[in-house]
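# Understanding the architecture of this molecule
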Amino acid sequence: MSSMIKLSGVWKEYRIDNEIVFTALKNINLTIKNGEYCSIIGPSGCGKSTLMHLIGLLDQPSRGTISINDRNIETYSDSELSHLRNEFVGFVFQQFNLIPKLTILENVMLPSVYSKKNESVAKKKALELLERFGIASKAYSYPNKISGGQQQRVAIARALIMQPQLILADEPTGNLDTASGQAILALIEDLHKKDGMTVVVVTHDMNIAKRAKRKINILDGTII
Amino acid sequence: MNYLMFILKSAAADLLRNKLRTLLTSLGILIGVSSVVLLIAFGVGLKNFIKNSFDSLGSNLVFILPGQVLSKSGGFRGGAGAMTTTKFEERDVNELRKIDEADVVVGAFTKSINATAGTVTEESTLYGTYPEYFIARTTKAIEGRLFDRRDLDKRSKVVVIGPKIAEKLFGSASFSIGKTIKIDNLGYIVIGVTEAKGGGGFGGPDIDSFIYMPFKTAFVLNPDKKLLTIFLKATDEKKIPLLKQKITQTMEKRYAEDDFSVVEQTQILDTVQSIFTMLNSVLIAIGAISLIVGGVGIMNIMYVSVTERIKEIGVRRAIGATKKDILFQFLTEAVVLSLVGGFMGLLLSATVVLIVQQFFPAAIDATSVAVALGVSSFVGIVFGVFPAKKAADLSPIDAIRYE
């Protein structure tokens, strides 16, 4: 398997008046390969979310380099990073983060709007995803009219619309009851097993982390 | 979904979700746009009204007025130059009649008078003139007849009156014929009432309240038999410049250059209109201040909207929105918000104009509509750009972490 994401000597420091006040990540060296199913686990405040944000190209390291498919993204502009996020990563958040004023279908299609993809192709794809996740009947409803489990399915459908290489799930079951949580995990695992996608799940729950083929433990900003 | 449609739908959905806030924010633009549109409407109406009034007074007219009333640049001239004691004489009229380019030449003596009919007394302007005056100024009688050469030569004690003064003194035009009007205790028979010409508003002459008297009859009120104005009707519009030149040559034989002015009707019209345009522009500029106030309201509410939606901005950025996408989205919302106010302002102005049209010739034209929509879009862009930039400049990570 070729390396999809490579972090080399990555540090994340927070500064006030040029003085380091907090170091969230210390000298992280990590490679995630194509088609891997990883979990990043650690207690609250250990730096796992910071690591996820760096992998998801939402943040930049203070030191070190991040390479995506062997390309160093250090010199990428904000616009280039936005396009890369749009096409390369699919985010699944703990709080679903759907846009309340858009319908379920529009929420799923949203990334394709920013990529200015053909509308009818995107709509067909979105409806297929909603069908696959059993929520096609809710396509024209608004997020506040469906359950938490259904909202997370919509979020997963939105993450998949651009057919990204990487699915990044941040505590995807954190806001769900046990049954819905299990269903969502099964769905995410299916993306890895059936679709061969690279999946990274960030969690503090060992039972969830154990389901991944590779566990990355973080403590005090360091991979252990 | 098409990108632009999506942005517009998002903007509309957000504004509809906060209907009261949208309405209150748009109120500032509504007031601003309606003040500007109404002032333009009144300005346009006024201009049309003045033009129509001038048109109804006859075409191809050239006036000779005492003193220098117009400056070289065309504006009305004040001060000593405009003041004169010059009066013209009948022989000037006779000399001017020799000009080939003059179709009609007629002099007039004017005087402010009090006209009494029974117990009613009204202020009016007396026009001591010739029968040709009615030809030059295309004036017809709606009741009775106009005075003629015979009335002039016989010094008949008759008058032709305007429809407004007829109504004031006698109740109606038709009741006026054959009745007597007393001016300086002398009685004159009303033989005709002229058709309505308009005017009389905004400080201009109230032509419909004039009283016309044969020039020779008016000697009793004009003992030195002088003329205050001479009207010339050109044979052709194209010959007006040549006519003016010949008038000047003729008049300069007897008068100094500064003692008289040769003025075209269109020159007066242009001058009057330019004064009103300037006045209207000042008023519109004052009205535009309320647009700035409305724009500040939009800016304020857009800042609130950005703060309320920081998390949403973070999500959008996470799934691929660029800074430009976010900037465009918030800018569109500001413009839509402003346009809502613009449309409402336009509707309000149209309603007011419809009502006012019964008393005043206000008119909304394509310019007013373009100004209303253009100005509100402009206000939306100018005052929306700062909040939109704030939204676009948010770091994706800070925005998505925002609680």
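Residues numbered from 1 in each chain as written. Chains lettered and ligands numbered in written order. Predicted model: local features only at pLDDT ≥ 70, side-chain atom pairs only at ≥ 80, totals over all residues.

## A few points about the overall build of chain B
For chain B, the count of helices and strands is 13 helices and ten strands. Its C-alpha atoms put chain B at 100 × 50 × 35 Å along the principal axes. Per-residue burial for chain B yields a buried fraction of 42% across its 403 residues. (Helix = DSSP H or I, 4+ residues; strand = E, 2+ residues; numbered from the N terminus. Buried ≥ 20, exposed ≤ 12 C-beta atoms within 10 Å, placed from the backbone.)

## Focus: the overall build of chain A
Secondary structure assignment for chain A yields seven helices and ten strands. For 224 residues, the compact-globule formula gives about 17 Å, and the C-alpha radius of gyration of chain A, at 17 Å, lands near that figure. In terms of principal-axis extent, the alpha carbons of chain A reach across some 50 × 40 × 40 Å. Looking at the 224 residues of chain A, the share that counts as buried comes to 46%. Partitioning the contacts of chain A with sequence separation of at least 6, the portion at a separation of at least 24 is 72%. (Rg over C-alpha atoms; globule rule 2.2 N^0.38 Å. Contact = placed C-beta atoms within 7 Å.)

## Observations concerning the packing of helix α9 (residues 265–308) of chain B against helix α12 (residues 366–392) of chain B
Residue and element names in this part refer to chain B. Closest axis-to-axis distance for the α9/α12 pair is 9 Å, and the angle between their directions is 30°. When the interaxial angle is binned, α9 and α12 end up roughly parallel. Helix-helix and strand crossings are classified by hand; for α9 and α12 the assignment is right-handed. Facing L291, G294, G295, V296, I298, M299, M302, Y303 and V306 of α9, the residues of α12 in contact are V375, V379, G380, V382, F383, G384, F386, P387, K390 and A391. In terms of residue class, the contact of α9 with α12 is built from 14 nonpolar, four polar and one charged. (Axes fitted to C-alpha atoms, helices over the stretch in contact; angles between N-to-C directions. Parallel < 35°, antiparallel > 145°, perpendicular 65-115°, else oblique. Left-handed = near helix turned anticlockwise from the far one by under 90°. Nonpolar A, V, L, I, M, F, W, Y, C, P; charged D, E, K, R; others polar.)

## With respect to the interface of chain A and chain B
Contact with chain A, which involves 23 residues of that partner, is made by 21 residues of chain B. Listing elements by their share of the side of chain A that touches chain B, those giving two or more residues are α2 (78–88) and α3 (104–114) of chain A. A per-class count over the side of chain A that touches chain B returns eight nonpolar, seven polar and eight charged.

## Re the pairing of strand β7 (residues 166–170) of chain A
Residues and elements named next belong to chain A. Most of β7 sits out of view: five of its five residues are buried. Along β7, one buried face is formed by L166, L168 and D170 and the opposite face, lined by I167 and A169, is buried too. With five bridges connecting them, β7 and strand β8 (residues 198–203) associate as parallel partners. By the bridge assignment, A169 is partnered in β8 with V201. A crossover links β7 with its parallel partner β8, the connecting element being helix α6 (residues 178–193), and its sense is right-handed. (Pairing = 2+ DSSP bridges. Right-handed = clockwise from strand over helix to strand, strands pointing away.)

## Some words on the sheet that holds strand β5 (residues 71–72) of chain A
Residues and elements named next belong to chain A. As summarised here, the arrangement of the four strands in space is β2-β1-β4-β5, forming an open sheet in which the pairing is antiparallel. Bordering the open sheet on either side are β2 (19–33) and β5, each of which pairs with just one other strand. Bridge analysis of strand β4 (residues 63–68) against β5 gives two bridges, and the strand direction is antiparallel. Across the sheet, I68 pairs through a bridge with R71, a residue of β5. Against the sheet, helix α1 (residues 48–55) touches β1 (3–16), β2 and β4, its axis set at about 120° to β1.

## Quick look at the sheet that holds β8(A)
Across a sheet, paired strands are connected by hydrogen bonds in the backbone, their directions being either parallel or antiparallel. All names here are of chain A. Pairing in this open sheet of six strands is mixed, and the strands run β6-β7-β8-β3-β9-β10 from one edge to the other. Two strands lie at the open edges of the sheet, namely β6 (89–92) and β10 (222–223), each paired on one side alone. Here strand β3 (residues 37–41) runs beside strand β9 (residues 214–219); their pairing, made up of four bridges, is parallel. Bridge pairing links I40 to I216 in β9.

## Some words on the environment of A:Y142
Residues and elements named next belong to chain A. Take Y142: it is sitting in the loop between α4 (119–132) and α5 (148–160). Put simply, Y142 and K194 are 52 residues apart on the chain and 29 Å apart in space, counted from C-alpha to C-alpha. Setting aside anything within four residues of it in sequence, one finds Y142 in contact with P100 and T103.

## Some remarks on the domain arrangement of chain B
Per the domain assignment, the segments making up chain B are domain 1 (3–52 + 272–401) and domain 2 (87–254). Of note, the centres of domain 1 of chain B and domain 2 of chain B, computed from C-alpha atoms alone, are 53 Å apart. (Domains from an automatic or database assignment.)

## Topic: unusual backbone geometry
With phi around 65°, A:D70 is a residue other than glycine that occupies positive phi space. With respect to the helices and strands, the residue A:D70 is situated in the loop between β4 and β5. Positive phi is not limited to glycine here, since B:D184 has a value of about 50°. With respect to the secondary-structure elements, B:D184 resides in the loop between β6 (180–183) and β7 (186–194).

## Considerations on α6(A)
Residues and elements named next belong to chain A. Its 16 residues place the ends of α6 22 Å apart at the C-alpha level, agreeing with the 22 Å of an ideal helix rising 1.5 Å per residue. Those residues of α6 lying buried are I184, I188 and L191. Relative to the axis of α6, the buried residues are bounded by an arc of 50° and lie together on one face. Of the residues in α6, the exposed ones pointing more than 90 degrees away from the buried face are T178, A179, A186 and K193. Tucked into the core, α6 has its buried residues touching α5, β7 and β8. (Expected span 1.5 Å × (residues − 1). Arc of directions from axis to C-beta.)

## Focus: the confidence of the model for chain B
Mean pLDDT over chain B stands at 86; residues scoring 70 or higher make up 93%. Here the predicted complex carries an ipTM of 0.93, next to a pTM of 0.71. (pLDDT = per-residue confidence, 0-100.)

## Let's talk about the packing of α9(B) against helix α11 (residues 323–356) of chain B
Residues and elements named next belong to chain B. Look at α9 against α11: their axes get within 10 Å of each other, and the N-to-C directions meet at 140°. Taken together, the axes of α9 and α11 lie oblique to each other. The handedness of the crossing between α9 and α11 comes out as right-handed. Residues G294, I298, M302 and V306 of α9 touch α11, and the partners they reach there are F330, E333, A334, L337, S338 and G341. Its residues placed into classes, the contact of α9 with α11 shows six nonpolar, three polar and one charged.

## A word on the nonpolar core
With 118 residues, the main nonpolar core has A:V108, A:I167 and A:V200 as its most contacted residues. The leading source of residues in this core is helix α2 (residues 19–56) of chain B, at 14 residues. Setting aside residues up to four positions removed in sequence, A:V200 forms contacts with A:I32, A:C38, A:I40, A:I55, A:L166 and A:L168. The next biggest cluster of nonpolar side chains, apart from the first, holds 53 residues, and it includes B:V106, B:L169, B:I207 and B:Y212. (Core = buried A, V, L, I, M, F, W, Y, C linked by C-beta atoms within 7 Å.)

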